[in-house]
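Structure assessment
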Amino acid sequence: MRAFTYTRARDSAQATNAAANGKATKFIAGGTNLLDLMKLQVEAPEQLVDINRIGLDKIEDTPDGGLKIGAMVRNAVLAADLRVRTRYEALSRALLSGASAQLRNRATTGGNLLQRTRCYYFYDTTKPCNKRNPGSGCAALGGFNRIHAILGTSEHCIATNPSDMAVAMRLLDATVATVKADGSTRDIPIAALHKLPGDTPDQETILAQDELITAVTLPPPPPGRQIYRKIRDRASYAFALVSVAAIIDQSGRARMAFGGLAPKPWRVEAADQQTDGDAIADQVLQGATGHGANDFKIPLTRRAIKAVLRD
Amino acid sequence: MDQIIKVALSVNGRPQELTLDPRTTLLDALREHLDFTGVKKGCDHGQCGACTVLVNGQRINSCLSLAVMHEGDEITTIETEESAIIAALQDAFVSHDGFQCGYCTPGQICSAAGMISEAKRGMPSYITATLGDETVRLTEAEIRERMSGNICRCAAYPNIVHAIMQAAGAVP
């Protein structure tokens, strides 16, 4: 691990001010992904700002019947909240499908949204990777790419976003609240938080360096039963090959969001409100391209959609 | 010059003060600075669970946390003499032969202690059929899912599960 300066913030103003001092800075919350990457020197910040003591750890009802989730709420706490378990089952189930219990006890709502891809070549500093080292090339294209993306990719990067939580939040039309050192705040629809790789795969979100996620707000849940189905290489403690978050109303009309397919939580709004699995799959998979070892994800996604409709 | 930071925390009920390079993980602070070598370093990347300890009663991977983030925290390791559930798990692992080499065992036991507490608090798992149910029954399948963050390369899993079932039943 490279040396860094450690600062412990007591509130979000202290945290964002510290991040605006000109040094390459990372906020550290759970640290379960960041420290892993720092040990490998994939991440090498000059400064860490510890935000574990800044509060922002409450889950509150909103006046319209939704929920406001503080950025520091741990994944385990969010998954176990009875309001989430009964009204946002897809979110609770998605969180519980992710990582291990030990990691969920540390990982936070804000940190989960900002976790990095698990592309093997991103982690392996002996291999080219445009995300880690812009301009060096992509070893996953033409490499072993079983876990890689089939949608939203570019010739520079085919990495997936690994989050389960974010897929459920995309389904639920969550909004991400942030604050910057100058005190300015904004509410970002979760669909706009992550960027597609294009020719800058190193830039994964629209956030500025001193911009801190403070909360995620969920609107009231739409009517219908909620599902999170995750397909992976082992039954527990593994990332999704394909995952589907879905809300299916009484007449069988579905809306879905997908993990494991793309560089960001994937949703095709044009496919909402349909009842036929093939029709939904045709729209969701428009433009889907395999890269060899991950070709199977195209038929697997179609079958996952049909299975979810039958659940 | 590299930064040096003072940290005060408590391990197994005893206060400890450390002066650390901020890069020091909680795992290395426990093993190398405080000599709690019962805490094991396996993968050092949060994949194996051998380094699991309890922080303020919650199980975490001590390899993926910096010691300086734990100012004022209460850490419990396998060396504790104050935890009834950890003592019960130790007895149950012996009587069920819940190991071969034993390297993963301290992490398995600390993780199981955290897991049993989570179940008592009604926390669901991915395989819990009805998420709204506030009572958790620790079936074999539930234990396997909830313990999936602890790998045993000797594959003593059947005996580990039985040991945990015994200890979970034995301690109210």
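Residues numbered from 1 in each chain as written. Chains lettered and ligands numbered in written order. Predicted model: local features only at pLDDT ≥ 70, side-chain atom pairs only at ≥ 80, totals over all residues. Heavy atoms only, no water.

Structural notes on the interface of chain A and chain B
Contacts between the two partners involve 44 residues from chain A and, on the opposite side, 44 residues from chain B. In total, chain A and chain B occlude about 3,400 Å² of area from one another, counting both sides; carbon and sulfur atoms represent 54% of this. The interface formed by chain A and chain B includes one salt bridge. Put simply, the parts of the chain that give the side of chain A that touches chain B at least two residues each are strand S1 (5-8), helix H2 (34-39), strand S3 (47-50), helix H3 (75-80), helix H4 (82-87), helix H5 (89-97), helix H6 (101-106) and strand S9 (225-231) of chain A. In terms of residue class, the side of chain A that touches chain B is built from 19 nonpolar, 12 polar and 13 charged. (Contact = heavy atoms within 4.5 Å. Buried area = accessible area lost by both parts, 1.4 Å probe. Salt bridge = Lys/Arg side-chain N within 4 Å of Asp/Glu carboxyl O. Helix = DSSP H or I, 4+ residues; strand = E, 2+ residues; numbered from the N terminus. Nonpolar A, V, L, I, M, F, W, Y, C, P; charged D, E, K, R; others polar.)

Some details on the packing of aromatic side chains
In the structure shown here, the tally under the stated rule is three aromatic pairs over all chains. For the ring pair A:Tyr120 and A:Tyr121, a centre distance of 6.0 Å and an interplane angle of 75° mean the geometry is edge-to-face. Take A:Tyr121: its relative accessible area is 14%, and that puts it in the buried class. Measuring from ring centre to ring centre gives 6.0 Å for A:Tyr120 and A:Phe144, while their planes differ by 20°; the resulting arrangement is stacked. Linking A:Tyr120 in helix H8 (residues 120-123) with A:Phe144 in the loop between H8 and helix H9 (165-171), this pair joins segments that are 24 residues apart in sequence. Of the residues examined, A:Tyr120 reaches a relative accessible area of 32% and is grouped as partly exposed. Taking the relative accessible area as the measure of exposure, A:Phe144 reaches 46% and is therefore partly exposed. Members of the aromatic cluster, joined through ring pairs, are A:Tyr120, A:Tyr121 and A:Phe144. When the ring centre of B:Tyr126 is taken as reference, the NZ or CZ atom of A:Arg232 above it lies at 5.2 Å. (Phe/Tyr/Trp six-rings, centres within 6.5 Å; stacked < 30°, edge-to-face > 60°. Buried < 20%, exposed > 50% of the residue type's maximum accessible area, 1.4 Å probe, protein only. Lys NZ or Arg CZ within 6 Å of the ring centre and 35° of its normal.)

Observations concerning the pattern of salt bridges
Residue and element names in this part refer to chain A. This model, assessed by the stated rule, comprises 33 salt bridges over all chains. With its nearest N and O atoms 3.0 Å apart, the salt bridge here joins arginine 229 to aspartate 311. Of this pair, arginine 229 sits in strand S9 while aspartate 311 sits in the segment after helix H12 (297-310), placing them 82 residues apart in sequence. Salt-bridge contacts for aspartate 272 lead to arginine 267; the nearest nitrogen and oxygen are separated by 2.8 Å. Arginine 267 carries the same exposure label as aspartate 272, and that label is buried. One continuous salt-bridge network, built from bridges that share partners, spans Arg170, Asp173, Arg255, Arg267, Glu269 and Asp272.

Looking at the sheet that holds S1(A)
Residue and element names in this part refer to chain A. Strand order in the open sheet formed by three strands is S1-S3-S2, with parallel pairing between adjacent strands. In the strand order of this sheet, the two ends are held by S1 and strand S2 (25-28), each with one partner. The average angle at which neighbouring strand axes cross in this sheet is 25°, direction not considered. Taken together, the four bridges between S2 and S3 define a ladder with parallel strand orientation. Bridge pairing links threonine 25 to glutamine 47 in S3. (Pairing = 2+ DSSP bridges. Axes fitted to C-alpha atoms, helices over the stretch in contact; angles between N-to-C directions.)

Thoughts on helix H3 (residues 105-120) of chain B
Residues and elements named next belong to chain B. Compared with the 22 Å implied by 1.5 Å per residue over 16 residues, the 22 Å span of H3 between its first and last C-alpha is a close match. With 14 of its 16 residues buried, H3 lies for the most part within the structure. Immediately downstream of H3, the backbone of glycine 122 shows phi near 80°, a positive value. (Expected span 1.5 Å × (residues − 1).)

Concerning the domain arrangement of chain B
All names here are of chain B. As far as domains go, chain B holds domain 1 (5-76) and domain 2 (84-168). The centre of domain 1, based on its C-alpha atoms, is set 22 Å off from the matching centre of domain 2. Of the residues lining the interface, 14 residues belong to domain 1; the matching set on domain 2 comes to 16 residues. Interface area for domain 1 against domain 2, summed over the two sides, is near 1,100 Å², with a carbon-plus-sulfur share of 49%. Its largest share of buried area at the contact with domain 2, domain 1 owes to Lys40, Thr52 and Arg59, together 44% of the area lost on that side. Our enumeration of links across domain 1 and domain 2 arrives at one salt bridge. Of the charged contacts, one joins arginine 59 and glutamate 118 as a salt bridge, the two residues approaching to 2.7 Å between their closest N and O atoms. Inspection of the region where domain 1 meets domain 2 yields seven residue pairs in polar contact (both at pLDDT 80 or more). Mapped by element, the contributors of at least two residues to the side of domain 1 that touches domain 2 are strand S3 (52-55) and strand S4 (58-61). Here the side of domain 1 that touches domain 2 takes three residues from S3, the largest share from any one element. (Domains from an automatic or database assignment. Polar contact = N/O pair within 3.5 Å; in protein donor to acceptor, adjacent residues only side chain to side chain.)

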